Amino acid sequence: IKSGSVVELGRDKKGYAVFSSPGMIETELNILDTLKAGKGTVEPIMSRDEAHSFIEKFQKENGYTLTDGQKDLFTEVMTTDNQFVLSQGNAGTGKTTVFKAVRQAVEGAGYSLEGYSKTGKAAHEFMSATGSFAQTVDGHVLQRETEGKNLSRENTIRVIDEASMLGSIQTLKEIEFAQQDGARIVMIGDIKQLQSLDAGRTFRDCQE
(Lines give C-alpha, C1' and ligand atoms only; values in the text may rest on other atoms or scores of the structure.)
Protein backbone atom coordinates (compact mmCIF):
# COMPACT_ATOMS: atom_id res chain seq x y z
CA ILE A 1 0.00 0.00 0.00
CA LYS A 2 1.33 3.40 -0.97
CA SER A 3 2.26 5.47 2.06
CA GLY A 4 -0.56 7.84 2.98
CA SER A 5 -3.12 6.22 0.67
CA VAL A 6 -4.88 4.49 3.59
CA VAL A 7 -5.26 5.76 7.13
CA GLU A 8 -6.51 4.07 10.28
CA LEU A 9 -9.59 5.79 11.74
CA GLY A 10 -9.76 3.84 14.98
CA ARG A 11 -11.45 0.70 16.24
CA ASP A 12 -15.02 -0.52 15.85
CA LYS A 13 -17.16 -1.96 18.65
CA LYS A 14 -15.57 -5.38 18.18
CA GLY A 15 -12.06 -3.99 18.38
CA TYR A 16 -11.23 -4.33 14.68
CA ALA A 17 -9.25 -1.56 13.02
CA VAL A 18 -11.20 0.68 10.62
CA PHE A 19 -9.38 2.09 7.59
CA SER A 20 -10.21 4.63 4.90
CA SER A 21 -8.51 6.79 2.30
CA PRO A 22 -8.00 10.56 2.49
CA GLY A 23 -10.17 10.96 -0.60
CA MET A 24 -13.06 8.99 0.92
CA ILE A 25 -12.78 10.89 4.19
CA GLU A 26 -13.02 14.17 2.28
CA THR A 27 -16.05 12.88 0.34
CA GLU A 28 -17.89 11.90 3.50
CA LEU A 29 -17.07 15.17 5.27
CA ASN A 30 -18.42 17.03 2.22
CA ILE A 31 -21.67 15.09 2.51
CA LEU A 32 -22.11 15.92 6.18
CA ASP A 33 -21.21 19.58 5.64
CA THR A 34 -23.67 19.88 2.74
CA LEU A 35 -26.51 18.28 4.69
CA LYS A 36 -25.91 20.73 7.53
CA ALA A 37 -25.72 23.66 5.11
CA GLY A 38 -29.12 22.69 3.69
CA LYS A 39 -30.88 23.19 7.02
CA GLY A 40 -33.44 25.99 7.03
CA THR A 41 -32.86 26.91 3.38
CA VAL A 42 -36.22 26.07 1.77
CA GLU A 43 -39.81 27.14 2.36
CA PRO A 44 -42.14 24.52 3.84
CA ILE A 45 -44.70 23.30 1.32
CA MET A 46 -47.45 23.15 3.95
CA SER A 47 -48.03 24.13 7.54
CA ARG A 48 -48.47 21.30 10.04
CA ASP A 49 -52.21 21.96 10.23
CA GLU A 50 -52.49 21.85 6.44
CA ALA A 51 -50.50 18.60 6.31
CA HIS A 52 -52.69 16.98 8.96
CA SER A 53 -55.86 18.07 7.17
CA PHE A 54 -54.57 16.81 3.82
CA ILE A 55 -53.58 13.38 5.11
CA GLU A 56 -56.94 12.90 6.85
CA LYS A 57 -58.75 13.77 3.61
CA PHE A 58 -56.43 11.47 1.64
CA GLN A 59 -57.25 8.55 3.91
CA LYS A 60 -61.00 9.06 3.59
CA GLU A 61 -60.93 9.47 -0.18
CA ASN A 62 -58.70 6.43 -0.77
CA GLY A 63 -59.89 4.10 1.98
CA TYR A 64 -56.49 4.01 3.71
CA THR A 65 -55.73 3.88 7.39
CA LEU A 66 -52.16 5.11 7.67
CA THR A 67 -49.94 4.34 10.63
CA ASP A 68 -48.54 7.06 12.86
CA GLY A 69 -45.13 6.49 11.24
CA GLN A 70 -46.56 7.00 7.75
CA LYS A 71 -48.32 10.18 8.84
CA ASP A 72 -45.14 11.45 10.48
CA LEU A 73 -43.14 10.88 7.28
CA PHE A 74 -45.73 12.72 5.21
CA THR A 75 -45.80 15.62 7.66
CA GLU A 76 -41.99 15.86 7.76
CA VAL A 77 -41.70 15.98 3.96
CA MET A 78 -44.41 18.61 3.63
CA THR A 79 -43.45 20.89 6.53
CA THR A 80 -39.66 20.77 6.65
CA ASP A 81 -37.54 23.80 5.88
CA ASN A 82 -34.50 21.60 5.22
CA GLN A 83 -33.35 20.86 1.68
CA PHE A 84 -32.27 17.36 2.69
CA VAL A 85 -34.34 14.96 4.80
CA LEU A 86 -33.24 11.53 6.04
CA SER A 87 -35.72 8.90 7.16
CA GLN A 88 -35.16 5.44 8.62
CA GLY A 89 -37.69 3.40 6.62
CA ASN A 90 -38.06 -0.07 8.06
CA ALA A 91 -39.09 -2.88 5.71
CA GLY A 92 -42.84 -3.30 5.31
CA THR A 93 -43.82 0.14 6.60
CA GLY A 94 -45.68 1.21 3.45
CA LYS A 95 -43.35 3.93 2.20
CA THR A 96 -44.78 3.90 -1.32
CA THR A 97 -48.28 4.42 0.04
CA VAL A 98 -47.09 7.58 1.79
CA PHE A 99 -45.63 8.92 -1.43
CA LYS A 100 -48.94 8.53 -3.21
CA ALA A 101 -50.17 11.15 -0.78
CA VAL A 102 -46.99 13.20 -1.15
CA ARG A 103 -47.36 13.31 -4.92
CA GLN A 104 -50.93 14.58 -4.71
CA ALA A 105 -49.96 17.17 -2.14
CA VAL A 106 -46.83 18.52 -3.84
CA GLU A 107 -48.35 18.66 -7.31
CA GLY A 108 -51.19 20.73 -5.90
CA ALA A 109 -48.55 23.14 -4.62
CA GLY A 110 -46.65 23.37 -7.92
CA TYR A 111 -43.93 20.79 -7.23
CA SER A 112 -43.06 17.51 -8.94
CA LEU A 113 -42.05 14.19 -7.38
CA GLU A 114 -39.31 11.86 -8.66
CA GLY A 115 -37.95 8.59 -7.35
CA TYR A 116 -34.42 7.17 -7.44
CA SER A 117 -33.10 3.93 -5.99
CA LYS A 118 -30.17 1.55 -6.11
CA THR A 119 -32.13 -1.23 -7.80
CA GLY A 120 -34.29 -1.16 -10.89
CA LYS A 121 -36.95 -3.18 -9.07
CA ALA A 122 -37.41 -0.50 -6.42
CA ALA A 123 -37.49 2.25 -9.05
CA HIS A 124 -40.21 0.36 -10.96
CA GLU A 125 -42.23 -0.16 -7.78
CA PHE A 126 -42.04 3.53 -6.93
CA MET A 127 -43.17 4.50 -10.43
CA SER A 128 -46.02 1.95 -10.40
CA ALA A 129 -47.22 2.99 -6.95
CA THR A 130 -47.06 6.76 -7.35
CA GLY A 131 -47.23 7.38 -11.09
CA SER A 132 -44.13 9.54 -10.78
CA PHE A 133 -40.94 9.36 -12.83
CA ALA A 134 -38.37 6.95 -11.38
CA GLN A 135 -34.86 5.82 -12.28
CA THR A 136 -31.90 4.02 -10.76
CA VAL A 137 -29.27 6.17 -9.08
CA ASP A 138 -26.61 4.69 -11.37
CA GLY A 139 -28.67 5.62 -14.42
CA HIS A 140 -29.21 9.13 -13.13
CA VAL A 141 -25.52 9.69 -12.38
CA LEU A 142 -24.49 8.33 -15.80
CA GLN A 143 -27.04 10.49 -17.57
CA ARG A 144 -25.93 13.63 -15.78
CA GLU A 145 -22.24 12.94 -16.38
CA THR A 146 -22.64 12.11 -20.09
CA GLU A 147 -25.36 14.58 -21.07
CA GLY A 148 -24.36 17.26 -18.58
CA LYS A 149 -27.84 18.63 -18.01
CA ASN A 150 -30.74 18.40 -15.62
CA LEU A 151 -33.77 16.72 -17.16
CA SER A 152 -35.97 17.34 -14.12
CA ARG A 153 -38.67 19.96 -13.84
CA GLU A 154 -38.32 22.92 -11.52
CA ASN A 155 -39.39 22.63 -7.87
CA THR A 156 -38.60 18.94 -7.74
CA ILE A 157 -38.65 16.66 -4.71
CA ARG A 158 -36.40 13.65 -5.24
CA VAL A 159 -37.04 10.57 -3.15
CA ILE A 160 -33.96 8.37 -2.91
CA ASP A 161 -35.14 4.96 -1.75
CA GLU A 162 -32.69 2.29 -0.58
CA ALA A 163 -30.38 5.14 0.44
CA SER A 164 -28.57 2.83 2.87
CA MET A 165 -27.34 0.84 -0.16
CA LEU A 166 -25.57 3.82 -1.73
CA GLY A 167 -21.84 4.34 -1.41
CA SER A 168 -20.43 7.68 -0.38
CA ILE A 169 -19.48 8.80 -3.89
CA GLN A 170 -22.98 8.16 -5.26
CA THR A 171 -24.55 9.92 -2.31
CA LEU A 172 -22.38 13.00 -2.76
CA LYS A 173 -23.17 13.15 -6.47
CA GLU A 174 -26.92 13.09 -5.83
CA ILE A 175 -26.58 15.80 -3.20
CA GLU A 176 -24.49 17.93 -5.54
CA PHE A 177 -27.03 17.47 -8.36
CA ALA A 178 -29.77 18.65 -6.00
CA GLN A 179 -27.73 21.73 -5.12
CA GLN A 180 -27.16 22.51 -8.80
CA ASP A 181 -30.85 22.06 -9.64
CA GLY A 182 -32.41 23.60 -6.55
CA ALA A 183 -34.12 20.29 -5.84
CA ARG A 184 -35.03 18.80 -2.47
CA ILE A 185 -34.02 15.30 -1.43
CA VAL A 186 -35.75 12.80 0.84
CA MET A 187 -33.39 9.92 1.57
CA ILE A 188 -35.03 6.73 2.87
CA GLY A 189 -33.12 3.63 3.88
CA ASP A 190 -32.97 0.84 6.41
CA ILE A 191 -29.64 0.57 8.19
CA LYS A 192 -30.79 -2.66 9.83
CA GLN A 193 -31.42 -4.46 6.55
CA LEU A 194 -29.94 -2.97 3.38
CA GLN A 195 -26.26 -2.03 3.50
CA SER A 196 -24.06 -0.16 1.08
CA LEU A 197 -22.65 -2.22 -1.79
CA ASP A 198 -19.99 0.40 -2.52
CA ALA A 199 -17.39 2.10 -0.34
CA GLY A 200 -18.81 4.00 2.60
CA ARG A 201 -21.77 3.71 4.93
CA THR A 202 -22.98 7.26 4.48
CA PHE A 203 -26.62 6.79 5.40
CA ARG A 204 -25.74 5.29 8.77
CA ASP A 205 -23.12 7.97 9.41
CA CYS A 206 -25.61 10.72 8.56
CA GLN A 207 -28.16 9.27 10.98
CA GLU A 208 -25.56 9.05 13.71
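Engineer: Describe the pattern of salt bridges, with residues and values.
Structural biologist: Following the criterion strictly, the structure yields 9 salt bridges and no others. When the shortest N-O distance is used, the salt bridge between E56 and K71 registers 3.7 Å. Taken as a pair, E56 in helix α2 (residues 48-62) and K71 in helix α3 (residues 68-79) lie far apart in primary sequence, 15 residues in all. Residue K71 is classed as partly exposed on the basis of its relative accessible area of 23%. For the salt bridge of K121 with E125, the shortest nitrogen-to-oxygen distance reads 2.6 Å. With a gap of 4 residues between them, K121 and E125 both fall in helix α5 (residues 120-130), about one helical turn apart. Residue K121 is classed as exposed on the basis of its relative accessible area of 58%. Among the ionic contacts, a cluster of salt bridges with common partners joins E114, R144, R158 and D181.

Engineer: Account for the environment of D81, with residues named and values stated.
Structural biologist: Within the secondary structure layout, D81 lies in the loop between α3 and β3 (84-88). The class of D81 is partly exposed, set by a relative accessible area of 35%. When the C-alpha positions of D81 and E43 are compared, they lie 5.4 Å apart, and in sequence the two are 38 residues distant. With residues up to four places along the chain from it excluded, the contact list for D81 reads G38, K39, G40, T41, V42 and P44.

Engineer: I'd love a proper account of the sheet that holds strand β4 (residues 112-117), names of residues and values included.
Structural biologist: The strand order across the open sheet formed by 5 strands is β3-β7-β6-β4-β5, and the pairing between neighbours is parallel. In this open sheet, the two strands that pair with only one neighbour each are β3 and β5 (133-136). On average, each strand axis in the sheet is tilted by 20° relative to the strand beside it, whichever way the strands run. When β4 meets strand β6 (residues 156-160), the two strands line up parallel, connected through 5 bridges. Along β6, the bridge assignment pairs L113 with I157. This element, helix α4 (residues 95-108), spans β4, β6 and β7 (184-189) of the sheet and lies at about 150° to β4.

Engineer: Tell me about the packing of helix α6 (residues 137-147) against helix α7 (residues 168-181), and name the residues and values.
Structural biologist: Put simply, α6 and α7 touch, their axes get as near as 11 Å, and they point 55° apart. Taken as axis vectors, α6 and α7 run oblique relative to one another. Here the hand of the crossing between α6 and α7 comes out left-handed. Judged by residue contacts, V137, D138, H140, V141, R144 and E145 of α6 engage Q170, K173, E174, F177, Q180 and D181 from α7. Its residues placed into classes, the contact of α6 with α7 shows 3 nonpolar, 3 polar and 6 charged.

Rules of the game
Numbering of residues begins from 1 in every chain and follows the order in which that chain's sequence is written. Local features are withheld for residues below a pLDDT of 70 in this predicted model, meaning they are given only at 70 or higher, and side-chain atom pairs are given and counted only at 80 or more; totals for whole chains, interfaces and linings count all residues. Calculated side-chain values reflect all of the structure's heavy atoms, with hydrogen atoms and water omitted. Only one rule defines a salt bridge in this text: a Lys or Arg side-chain nitrogen within 4 Å of an Asp or Glu carboxyl oxygen. Helix and strand definitions here come from DSSP, where helices need a minimum of 4 consecutive H or I residues and strands a minimum of 2 consecutive E residues; each element is numbered from the N-terminal end. Three exposure classes are used, based on accessible area relative to the maximum for each residue type with a 1.4 Å probe and protein chains only: buried under 20%, partly exposed in between, and exposed over 50%. In this description, contact between two residues means that some pair of their heavy atoms is separated by no more than 4.5 Å. When DSSP locates at least two bridges between a pair of strands, those strands are taken to pair. Orientation is described by lines fitted to C-alpha atoms, with helices fitted over the stretch in contact, and by angles between N-to-C directions that extend from 0 to 180 degrees. Should an angle fall under 35 degrees it is taken as roughly parallel, and over 145 as roughly antiparallel, whereas 65 to 115 is taken as roughly perpendicular and any remaining angle as oblique. For a crossing to be left-handed, the near helix must be turned anticlockwise from the far one by less than a right angle; the clockwise case is right-handed. Here the nonpolar group is Ala, Val, Leu, Ile, Met, Phe, Trp, Tyr, Cys and Pro; Asp, Glu, Lys and Arg are the charged ones; every other residue, Gly included, is treated as polar.

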